[in-house]
Amino acid sequence: MRLALLTSLVCLAIGAFAQSSSADAYVASESPIAKSGLLSNIGPDGSKASGAKAGIVVASPSKQNPNYFYTWTRDSALVFKAIIDQFTSGADDSLRTLIDDYTVAQGILQQVDNPSGSVSSGGLGEPKFNVDETAFTGAWGRPQRDGPALRATAIISYANWLLDNKNSTYVTQTLWPIIKLDLDYVQGNWNQSTFDLWEEVNSSSFFTTAVQHRALREGAAFADRIGQSSVVNGYTTQADNLLCFLQSYWNPAGGYITANTGGGRSGKDSNTVLTSIHTFDPAAGCDSATFQPCSDKALANLKVYVDAFRSIYNVNSGIASDAAVATGRYPEDSYQGGNPWYLTTIANAEQLYDALIVWDKLGGLNVTDTSLAFFQQFSSGVKAGSYDAESDTYKTLTSAIKDFADGFLTVNAKFTPSNGGLAEQYSRSDGTPTSAVDLTWSYAAALTAFAARDGKTFPSWGAAGLTVPSSCSTGGSGSGGGSGGSADTVPVTFNVDATTVFGENIFLTGSVDALQNWSPDSALALSSANYPIWSITVNLPADTAVEYKYIRKNNGQVTWESDPNNSIKTPAAGTDSKLTENDTWR
């Protein structure tokens, strides 16, 4: 028996060593190629970005099937966040001019009138532009409200470095106006529907909500740092509301995060894993409210998401049920054949590397009932509990998880061509690279995963120690709820008892501006934190007769509750003025 156990352990150690060696080799060979590939797609000096203005990120040099020769606000921000992190950490001091070019270019794009509107009427939600900084006017999934948040995050990280290095004038005169436009847009529009990061589903999206929360949280701290205190309360109020709304994406029955409130799919989506790594805060520990990489919910979600791809791709055939596999956007995907993506596969590894960093810092890990199935992949007998870093269980689990993470790198390595070029996807049948070539986001994703594997972290954005509000408001500043009330408004809490089916959500609209003037498209989303009671708190005009109705939205279908309209009379303004309405769906 002892001999059999010893033989098993030796085999596991040999397997782990081989996995680690393969990952080491891939990191060594791919790192310089990914860096070069990324830079080749930026600005007039980029060898594959001919015609692009300075600081403009070309998504891919591909111009047909598909045509990605455009610049996306989201992709550009994610790419430049990686570049800025390299620069501010001292990894590459040569990148500053490129970063300055990016900030200038983004300031120009903010002012370009486009199909989503002008800078003051919704244009900041425009997802993509031509590479010469002119508007793209074709049909598209718009608006996409993650871009302004991600751009603010990227530029704030650079601005904080500049402040640390005594360059406050450039920050306050050049960067702050750009940052503030984006933060104000997030503050006023976060509660409105948006296309998700895959540009397909128009609803509320976990990735968008989470990056908006991050942007407002670090935006408030940054504004306070540079003396712009007048905006801090508004940003913080809406950050609290976003954090509250973020909890509603968790699906306790399925043990995973539902990516979108609409779309009619399972909700299992790389959107959720990408959220975890792009809102990683090394100071926040394993906080579950912000779905940190090592939180029980994020780990449970990772298992459910990865397992959804084990049996649907031929390239995953024959792989053990506890080993890494190729993953795509979501299992129902059919775009370009519905294949694995390089960036989604390597994102799994990055989440796990981030988790390992935090466990090492904390000196232990916790296994909860929520995360138990994730950990039992690596040690079937593990129980819920706390395990310090000196325990055999901790060492067994973290060693196996490191090997699991490295496995995602070796999967990508297997399907990376000999020249190291990273396309958008590789075939689900045989692993041949397909779709857009030299995808800039693929290269950035490789670089950030490699950095996480090396134990690198970047400054906190303020996720530590946050408390989810006991009551949620989904009223942004554009709908009367942005500054916590004023002399002529009063907070009104609407509670409605409504049983829903999976994927269905409850919204509120009514007869005043704060309730979106009977518009089902911009109706306010209610929180299901106390399901089947759905709730929202909105600041309404004081001493005013207001009519309202609840509506259901499910996969694009809108259902109004029956007549007559509900009606209330708000109280007069005063220090203690407030009102709570308890309704039942009819």
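As the structure is a prediction and not an experimental result, all values here were calculated from the model.

1. Examining the overall build of the protein
Okay, step 1: Check the secondary structure of the protein and you find 13 helices and 19 strands.
Okay, step 2: Computed over its C-alpha atoms, the radius of gyration of the protein comes to 24 Å, within 12% of the 25 Å expected for a compact globule of 586 residues.
Okay, step 3: When each of the 586 residues of the protein is scored for burial, the buried share is 58%.
Okay, step 4: Partitioning the contacts of the protein with sequence separation of at least 6, the portion at a separation of at least 24 is 68%.

2. Remarks on the pairing of strand β16 (residues 545-554)
Okay, step 1: In terms of burial, β16 is largely enclosed, as seven of its 10 residues are buried.
Okay, step 2: Bridging between strand β12 (residues 505-510) and β16 involves six bridges; their strand directions are antiparallel. Note on β16: the bridge partner recorded for G510 is Y548.
Okay, step 3: As judged from the four bridges shared by β16 and strand β18 (residues 566-569), these two strands associate in the antiparallel manner. Bridging from a neighbouring strand, A545 pairs with K569 of β18.
Okay, step 4: Across four bridges, β16 lies against strand β17 (residues 557-560) in antiparallel orientation. Residue pairing for β17: N554 is matched across the bridge by Q557.
Okay, step 5: In this antiparallel pair of consecutive strands, β16 and β17, the connection spans two residues, and N555 shows a positive phi of 55 degrees.

3. With respect to the nonpolar core
Okay, step 1: In this structure, W359 and F375 are the most contacted members of the largest nonpolar core, which totals 128 residues.
Okay, step 2: Apart from the residues within four sequence positions on either side, F375 is in contact with L299, W359, L365, N366, V367, V382, L397 and I401.
Okay, step 3: Within the second largest apolar cluster, 22 residues are counted, among which are F494, A498, V512 and I536.

4. Topic: helix α7 (residues 232-246)
Okay, step 1: Relative to the 21 Å expected for 15 residues at 1.5 Å per residue, α7 spans 21 Å between its end C-alpha atoms, a close match to the ideal helical length.
Okay, step 2: For α7, every residue scored as buried is listed here: V232, G234, Y235, Q238, A239, N241, L242, L243, C244, F245 and L246.

5. Regarding empty space enclosed by the protein
Okay, step 1: Applying the stated criterion across every chain yields a total of six cavities of 30 Å³ or more.
Okay, step 2: Approximately 70 Å³ is the volume attributed to the largest cavity.
Okay, step 3: What lines the largest cavity is a set of 13 residues, and nearest its centre among them are H278, W441, A444, A445 and T448.
Okay, step 4: Of all elements in the fold, only α2 (73-88), α8 (270-278), α10 (342-362) and α13 (440-453) reach the threshold of two or more residues within the lining of the largest cavity.
Okay, step 5: What lines the second largest cavity is simply S204, F245, S248, T261, N505, I506, F507, A525, L526, S527, S528 and W534.
Okay, step 6: Residue contributions to the lining of the second largest cavity peak at three residues, all from β12.

6. Re the packing of helix α3 (residues 96-110) against helix α5 (residues 168-189)
Okay, step 1: The N-to-C vectors of α3 and α5 enclose an angle of 50 degrees; their axes lie 10 Å apart at closest approach. It follows from the interaxial angle that α3 and α5 lie oblique. The two elements α3 and α5 cross, and the hand of that crossing is left-handed. Of the residues in α5, those touching α3 at D100, T103, G107 and Q110 are Y170, L175, I178, L181 and D182.
Okay, step 2: Taken together, the residues that form the contact of α3 with α5 break down as four nonpolar, three polar and two charged.

7. Here we look at the side chain of E504
Okay, step 1: Mapped onto the fold, E504 is located in the loop between β11 (489-497) and β12.
Okay, step 2: Among the polar contacts listed, one links the side chain of E504 to the side chain of R552, at a separation of 3.2 Å.
Okay, step 3: Setting aside chain neighbours within four positions, we find E504 in contact with T499, W534, R552, K553 and N554.

8. A closer look at the packing of α8 against helix α9 (residues 296-307)
Okay, step 1: Put simply, α8 and α9 touch, their axes get as near as 10 Å, and they point 145 degrees apart. Between α8 and α9 lies a crossing whose hand is left-handed. Only A298, N301, L302 and Y305 of α9 make contact with α8, whose side of the interface consists of S270, T272, V273 and S276.
Okay, step 2: Along the lines of polarity and charge, the residues of the contact of α8 with α9 split into four nonpolar, four polar and no charged.

9. So, the pattern of salt bridges
Pairing between side chains of opposite charge can happen when the charged atoms of each approach one another.
Okay, step 1: Scanning all chains against the criterion turns up 25 salt bridges.
Okay, step 2: The salt bridge partner of D24 is R453, with a shortest N-O separation of 2.8 Å. Of this pair, D24 sits in helix α1 (residues 2-39) while R453 sits in helix α13; the two residues are 429 residues apart in sequence, bridging distant segments of the chain.
Okay, step 3: In this structure, the salt-bridge partner of D438 is K48, at a minimum N-O distance of 2.8 Å. With D438 in the loop between β10 (433-434) and α13 and K48 in the loop between α1 and β1 (71-72), the pair connects residues that are 390 residues apart, well separated along the chain.
Okay, step 4: Overall, K48 belongs to the partly exposed group, its relative accessible area being 37%.
Okay, step 5: One salt-bridge network, held together by shared partners, links E200, R265, D269, R329 and D333.

10. Re the confidence of the model for the protein
Okay, step 1: When the pLDDT values of the protein are averaged, the result is 92; 94% of them are 70 or greater.
Okay, step 2: Counted against residues more than four places away or in other chains, residues 1-10, with its pLDDT under 50, gives zero contacts.
Okay, step 3: Note that pLDDT drops below 50 for residues 478-487; the model gives that stretch 24 contacts with residues more than four away or on any other chain.

11. Some remarks on the packing of aromatic side chains
Okay, step 1: All told, the structure shown has 30 aromatic pairs when counted by the stated rule.
Okay, step 2: An aromatic cluster of three or more residues is present, and its members are W359, F374, F375, F378, F404 and F408.
Okay, step 3: Across the ring face of W585, the terminal group of R552 is positioned such that the distance to the ring centre comes to 4.3 Å.

12. Observations concerning the side chain of N114
Okay, step 1: Considering the arrangement of structural elements, one finds N114 in the loop between α3 and β2 (128-129).
Okay, step 2: Looking at N114, its side chain comes within polar contact range of the main-chain oxygen of V112, at 3.0 Å.
Okay, step 3: Apart from residues no more than four positions distant in its own chain, N114 is found in contact with G123, E126, F129 and A135.

13. Let's talk about α3
Okay, step 1: Along its 15 residues, α3 runs 21 Å from first to last C-alpha, staying within 8% of the 21 Å computed at 1.5 Å per residue.
Okay, step 2: If you check which residues of α3 are buried, you get L98, I99, Y102, T103, A105, Q106, G107, L109 and Q110.

14. A few points about the environment of V490
Okay, step 1: Its location among the elements puts V490 in strand β11.
Okay, step 2: On the basis of relative accessible area, V490 is assigned to the buried category, the value being 1%.

Definitions and limits used
Residues numbered from 1 in each chain as written. Predicted model: local features only at pLDDT ≥ 70, side-chain atom pairs only at ≥ 80, totals over all residues. Heavy atoms only, no water. Helix = DSSP H or I, 4+ residues; strand = E, 2+ residues; numbered from the N terminus. Rg over C-alpha atoms; globule rule 2.2 N^0.38 Å. Buried < 20%, exposed > 50% of the residue type's maximum accessible area, 1.4 Å probe, protein only. Contact = heavy atoms within 4.5 Å. Pairing = 2+ DSSP bridges. Core = buried A, V, L, I, M, F, W, Y, C linked by side-chain atoms within 4.5 Å. Expected span 1.5 Å × (residues − 1). 1 Å grid on protein atoms, 1.4 Å probe; cavity = no way out; pocket = protein on both sides within 12 Å on 5 of 7 lines; lining within 4 Å. Points joined across faces, edges and corners; volume = space filled by probe spheres on them. Axes fitted to C-alpha atoms, helices over the stretch in contact; angles between N-to-C directions. Parallel < 35°, antiparallel > 145°, perpendicular 65-115°, else oblique. Left-handed = near helix turned anticlockwise from the far one by under 90°. Nonpolar A, V, L, I, M, F, W, Y, C, P; charged D, E, K, R; others polar. Polar contact = N/O pair within 3.5 Å; in protein donor to acceptor, adjacent residues only side chain to side chain. Salt bridge = Lys/Arg side-chain N within 4 Å of Asp/Glu carboxyl O. pLDDT = per-residue confidence, 0-100. Phe/Tyr/Trp six-rings, centres within 6.5 Å; stacked < 30°, edge-to-face > 60°. Lys NZ or Arg CZ within 6 Å of the ring centre and 35° of its normal.

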